[in-house]
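Breakdown of the fold
The primary structure of each chain is shown beneath.
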Amino acid sequence: MKSRGVAKALGANGFDASQESPRADESESLREKLSGPASKHVAGKGRSEFDLIARLRRIAATAKPRLVIGIGDDAALVRERTGQTLAITADMLVEEIDFRRQWTTARDLGHKALAVSLSDIAAMGARPRWALISLGVPQEIWRTDFLDDFYRGWFALARASGVALIGGDISRTPERIVIDSVVLGETRRAIMRSGARPGDLLFVTGALGGAAAGLHLLMTNGVEEAHENASFRPRRTSRADRRLIRRHLRPEPRLSWGNYLTEKKLATAMIDLSDGLSSDLAHLCRESGVGAIINAEAIPIDPLIAKSSLRGEDPLRLALDGGEDFELLFTVRPRDIRRLPRELDGVRAVCIGEVTARRRLVLVRDGHTLPLRPGGFVHFHSR
Ligand SMILES: Nc1ncnc2c1ncn2[C@@H]1O[C@H](COP(=O)(O)OP(=O)(O)O)[C@@H](O)[C@H]1O
Ligand SMILES: Cc1ncc(C[n+]2csc(CCOP(=O)(O)OP(=O)(O)O)c2C)c(N)n1
Ligand SMILES: [Mg+2]
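Bear in mind that the values here come from a model prediction, so they are computed numbers and not experimental data. (Residues numbered from 1 in each chain as written. Chains lettered and ligands numbered in written order. Predicted model: local features only at pLDDT ≥ 70, side-chain atom pairs only at ≥ 80, totals over all residues. Heavy atoms only, no water.)

Re the overall build of the protein
Looking only at helices and strands, the protein features 12 helices and 14 strands. Within the protein, the proportion of its 383 residues that are buried is 52%. Of all intrachain contacts in the protein linking residues separated by at least 6 positions in sequence, the fraction that spans at least 24 positions is 84%. By element, 51% of the accessible surface of the protein is carried by carbon and sulfur atoms, the whole surface being about 18200 Å². (Helix = DSSP H or I, 4+ residues; strand = E, 2+ residues; numbered from the N terminus. Buried < 20%, exposed > 50% of the residue type's maximum accessible area, 1.4 Å probe, protein only. Contact = heavy atoms within 4.5 Å. Areas by Shrake-Rupley, 256 points an atom, 1.4 Å probe, with all protein chains shown as cover.)

Listed below in structure tokens is the structure:
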């Protein structure tokens, strides 16, 4: 079995203690709601998904000609003979874990399946070119027009972003849909997670917390109104609620920003916000060997949250730990700030803090300095 072979290759014990993994903290309730109780997700031997990735990365770390980076960034980078660099990324969407069939239309799911990978390509500063999509589908779905609608959503985004479908695979699953999306992009110059230096300023595009707020709305209102194989129609909800739900179901990859930042040599490091700002910032800082200080007041909390019917959630926590906003987090040298546009295609970028030599993440809120712990989404926690 594949998994046993990997387990053997990884050896019986331990993991690199320098790899930080999210710990229990005040955001536990948000995480539990988004990913279920932590105990359900503890993998064998108590390792987190990040521990496994760190070990795989060490095992795979043999120098290969033209491989710029394999495991460890938003996408792998391979230098082509033309001088261009190829960016390659893979993402899975699993029913009940990454989406619920009763909350999304097939069309929106097709959009999202491609959007999550385009976001990784954007985070490398590359232009998406080719895609492969593999589907595991239960028999009862195969007989419906679900897949036609899925591909309608997928191709609409592919056309708009210049991506060609070049392959994939189809398999049958017992009951749930599984999607595996691979996208390849090209760039002359890639931006990695590892380029941030002390003194660089931290920027984020768009607004944060909206996708997590949308997911909360679906979790609290969606279930009653849901019906099999159809979209959740939030009739009794407000326009703000509907727009937040849309933020969750139809993320918009920031391709223009990613591309502009590489072309103009503006960003020193970049990552997309899939797990949540607090966790993804930790990834960027660890890869760069730096820390960061974040100004809570500067974080662009999605203004729709205040207008929505969502109650009992701290909007700042949603912005810090809520995942799937698919905005870009990037760093800029102070001398380059004046060249940074305020907005691109109607999407703003704002400064939220600064990179520090001290390898700690801190949040300044109401004049107090607090540790900023990674509290974003995790599939498997460490014990
Ligand atoms: N099962 C796996 N085998 C090999 N590499 C993996 C695996 N899962 C994730 N990775 C790699 O680990 C890195 C981080 O992945 P992930 O946590 O999914 O981050 P991202 O938010 O960029 O998708 C990426 O380089 C990814 O390709
Ligand atoms: C039914 C359902 N429950 C919970 C979530 C929340 N959620 C699932 S995956 C995820 C984070 C991003 O997913 P991941 O697989 O880690 O993507 P990657 O970081 O690898 O790009 C979040 C916030 C969801 N989208 N749908
Ligand atoms: Mg990703």
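Now that the structure is up, let's keep going.
Things to note about the nonpolar core
Counting residues in each nonpolar core, the largest one holds 47 residues, and the members touching the most others are F150, W154, I179, W257, L261, F330 and L340. Two domains each donate at least three residues to this core, and these are domain 1 (63–187) and domain 2 (193–371). Listed in part, the 26 residues of the second largest apolar core include L202, A269, I271 and V355. (Core = buried A, V, L, I, M, F, W, Y, C linked by side-chain atoms within 4.5 Å. Domains from an automatic or database assignment.)

With respect to the environment of L266
Checked against the element boundaries, L266 lands in the loop between α9 (255–263) and β8 (267–272). In the structure, L266 is positioned 73 residues away from R339 in sequence and 7.8 Å away in space, judged by C-alpha atoms. Each residue touching L266, except ones within four places of it in the same chain, is listed here: Y260, L261, T331, V332, R333, D336, R339, L340 and P341.

Structural notes on the sheet that holds strand β2 (residues 76–79)
Judged by pairing direction, the sheet is mixed, and its 6 strands sit side by side in the order β1-β2-β3-β6-β4-β5 without closing on themselves. With partners counted over all chains shown, the strands left at the sheet margins are β1 (67–69) and β5 (164–172), one partner each. Averaged over all adjacent pairs, the angle separating strand axes in this sheet is 20°, with direction ignored. Direction of pairing for β2 relative to strand β3 (residues 85–94): antiparallel, over a ladder of 4 bridges. Across the sheet, L77 pairs through a bridge with A87, a residue of β3. The sheet contacts of helix α6 (residues 146–161) involve β4 (127–137), β5 and β6 (178–187), and relative to β4 the element is tilted by about 170°. (Pairing = 2+ DSSP bridges. Axes fitted to C-alpha atoms, helices over the stretch in contact; angles between N-to-C directions.)

With respect to the side chain of T331
Summarising the element assignment, T331 is placed in strand β10 (residues 328–332). Classification of T331 as buried rests on a relative accessible area of 0%. A distance of 2.6 Å separates a polar atom in the side chain of T331 from a polar atom in the side chain of T268. Of note is the side chain of T331, whose polar atom sits 3.0 Å from the backbone nitrogen of A269. Residues contacting T331, with those up to four places away along its chain left out, are A196, D200, L201, L202, L266, A267, T268, A269, L284 and V355. (Polar contact = N/O pair within 3.5 Å; in protein donor to acceptor, adjacent residues only side chain to side chain.)

Some words on the UniProt feature "binding site: Mg(2+) 5" (unreviewed entry) in the protein
Under the UniProt annotation, the feature "binding site: Mg(2+) 5" (unreviewed entry) is placed at D275. Relative to the assigned elements, D275 resides in the loop between β8 and α10 (277–288). (UniProt positions renumbered as here; feature names shortened; annotations may be inferred.)

What to know about a nonpolar patch on the surface
Together, I53, L56 and I71 make up an exposed nonpolar region whose accessible area comes to about 210 Å². The topology assignment puts I53 in helix α3 (residues 49–60). Owing to a relative accessible area of 40%, I53 belongs among the partly exposed residues under this scheme. (Patch = residues over 30% accessible without salt bridge, like charges linked within 9 Å, V, L, I, M, F, W, Y side chains within 5 Å. Salt bridge = Lys/Arg side-chain N within 4 Å of Asp/Glu carboxyl O.)

Some details on the site of ligand 1
Around ligand 1, the neighbouring residues are I53, L56, I71, G72, D73, D74, D91, D120, R193 and S274. R193 places a side-chain nitrogen or oxygen 2.9 Å from an oxygen atom of ligand 1. Side-chain polar atom of S274 to an oxygen atom of ligand 1: 3.2 Å apart, as the coordinates give it. Coverage of ligand 1 by the protein amounts to 60% of the 550 Å² it exposes when considered alone. Here the residues of the shell around ligand 1 are counted per class, giving 3 nonpolar, 2 polar and 5 charged. (Near = heavy atom within 4 Å. Nonpolar A, V, L, I, M, F, W, Y, C, P; charged D, E, K, R; others polar.)

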